[in-house]
Amino acid sequence: MFTQWMLNMCIRLSKNNAWAIHTTFKTNVFGLPLYVAVAPNAQGIDIPLWYMLCTNDLGSRHEQFTFEMTLKIIFERIEGIRPNALVTDKSWIEYTSLTNVITTNPYCWETVCGKRQQKSCFILLCWFHVKKA
């Protein structure tokens, strides 16, 4: 789900900011994964930037494919604007999907002295969740 208002907030709140990405399975009766990305506004209030609900059939990799596709679409819609960092928990699906999308996105990289260097969308793992795992 990505409304025009969310697109505007995504563009406005992504530059020089970080997205916190989280998924939960307990928000619907079917146990489907619901993803949300939020970023703080000027008052420090987390604003939802986008939502994603998908299936997670055993062995299908639906969740990973859908998450990657969602990230690519969001990045396309916000054009060259990228957050400085993407904060996630210990989820292997989230980490792998973020890595797959970021490594191929030209707006996350720059060439300095002939070397490719990452300039945005650094993946940060939430220390609380890593320690808990």
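Here the structure is shown first, and the text comes after it.
Going along each chain's sequence as written, the residues are numbered from 1 onward. Given that this is a predicted model, residues contribute local features only at a pLDDT of at least 70 and side-chain atom pairs are listed and counted only at 80 or more, while totals for whole chains, interfaces and linings are drawn from all residues. No hydrogens and no water enter the side-chain calculation; it runs on all heavy atoms of the structure.

### Details of unusual backbone geometry
- The phi dihedral of Asn-16 falls on the positive side, at around 55°, and the residue is not glycine.
- Each helix corresponds to a stretch of at least 4 residues labelled H or I by DSSP, and each strand to a stretch of at least 2 residues labelled E; elements are numbered beginning at the N terminus. When you line up the elements, Asn-16 lands in the loop between helix 1 (4–14) and strand 1 (18–24).
- A residue is classified by how much of its surface remains accessible, and Asn-16, at 62% relative accessible area, is exposed.
- For Arg-61, which is not glycine, the phi dihedral falls at a positive 65°.
- By the secondary structure assignment, Arg-61 is in the loop between strand 3 (46–53) and helix 2 (62–77).
- Among the residues examined, Arg-61 registers a relative accessible area of 48% and is labelled partly exposed. Burial here depends on accessible area, computed with a 1.4 Å probe over protein chains only, as a share of the maximum for the residue type. Under 20% is buried, over 50% is exposed, and the range in between is partly exposed.

### Description of the pairing of strand 5 (residues 109–112)
- A pair of strands is labelled paired if DSSP reports no fewer than 2 bridges between them. The pairing of strand 5 with strand 6 (residues 115–118) spans 4 bridges and is classified as antiparallel. Residue Glu-110 lies in a different strand from strand 6, and its bridge partner there is Gln-117.
- In textbook terms, the turn of a hairpin is the stretch between consecutive antiparallel strands, and for strand 5 and strand 6 this stretch comprises 2 residues, one of which, Cys-113, has a positive phi near 50°.

### Some remarks on the environment of Val-36
- As for its placement among the helices and strands, Val-36 is situated in strand 2 (residues 34–40).
- In this description, contact between two residues means that some pair of their heavy atoms is separated by no more than 4.5 Å. Apart from the residues lying within four places of it in its own chain, the contact partners of Val-36 are Ala-20, Ile-21, His-22, Pro-48, Trp-50 and Tyr-51.

### Digging into the sheet that holds strand 2
- Taken in spatial order, the 5 strands line up as 3-2-1-4-7 in an open sheet, and their pairing is mixed. Looking along the sheet, the strands with just one partner apiece sit at the ends: strand 3 and strand 7 (122–125). This sheet shows a mean twist of 25° between the axes of neighbouring strands, independent of strand direction.
- In terms of strand pairing, strand 2 meets strand 3 through 7 bridges, oriented antiparallel. What sits directly across from Val-38, in strand 3, is Pro-48.
- Fitted lines through C-alpha atoms give the axes, limited to the stretch in contact for helices. The angle between two N-to-C directions lies from 0 to 180 degrees. Packing of helix 1 onto the sheet brings it into contact with strand 1, strand 2 and strand 3, and relative to strand 3 it is tilted by some 125°.
- Helix 2 contacts strand 1, strand 2 and strand 3 of the sheet and is inclined by roughly 130° relative to strand 3.

### Examining the packing of aromatic side chains
- Note on aromatic contacts: the rings of Phe and Tyr and the six-membered ring of Trp form a pair at centre separations within 6.5 Å, being stacked when their planes are under 30 degrees apart, edge-to-face when over 60 apart, and tilted otherwise. According to the stated counting rule, one finds 5 aromatic pairs in the structure shown.
- Between Trp-19 and Trp-50, the aromatic rings sit 6.3 Å apart at their centres with planes inclined by 75°, giving edge-to-face as the arrangement. Placement of the pair is Trp-19 in strand 1 and Trp-50 in strand 3, with a sequence separation of 31 residues. Trp-50 carries the same exposure label as Trp-19, and that label is buried.
- For the ring pair Tyr-35 and Phe-67, a centre distance of 4.6 Å and an interplane angle of 20° mean the geometry is stacked. You can see Tyr-35 sitting in strand 2 and its partner Phe-67 sitting in helix 2, a full 32 residues away along the chain. The same class applies to Tyr-35 as to Phe-67, namely buried.
- The structure contains a cluster of three or more aromatic residues connected by ring pairs, namely Trp-19, Tyr-35, Trp-50, Phe-67 and Phe-75.
- The rule for a charge over a ring is simple: NZ of Lys or CZ of Arg within 6 Å of the ring centre, and within 35 degrees of the ring normal. Directly above the aromatic system of Phe-75 lies the positively charged group of Arg-82, at a separation of 4.2 Å from the ring centroid.

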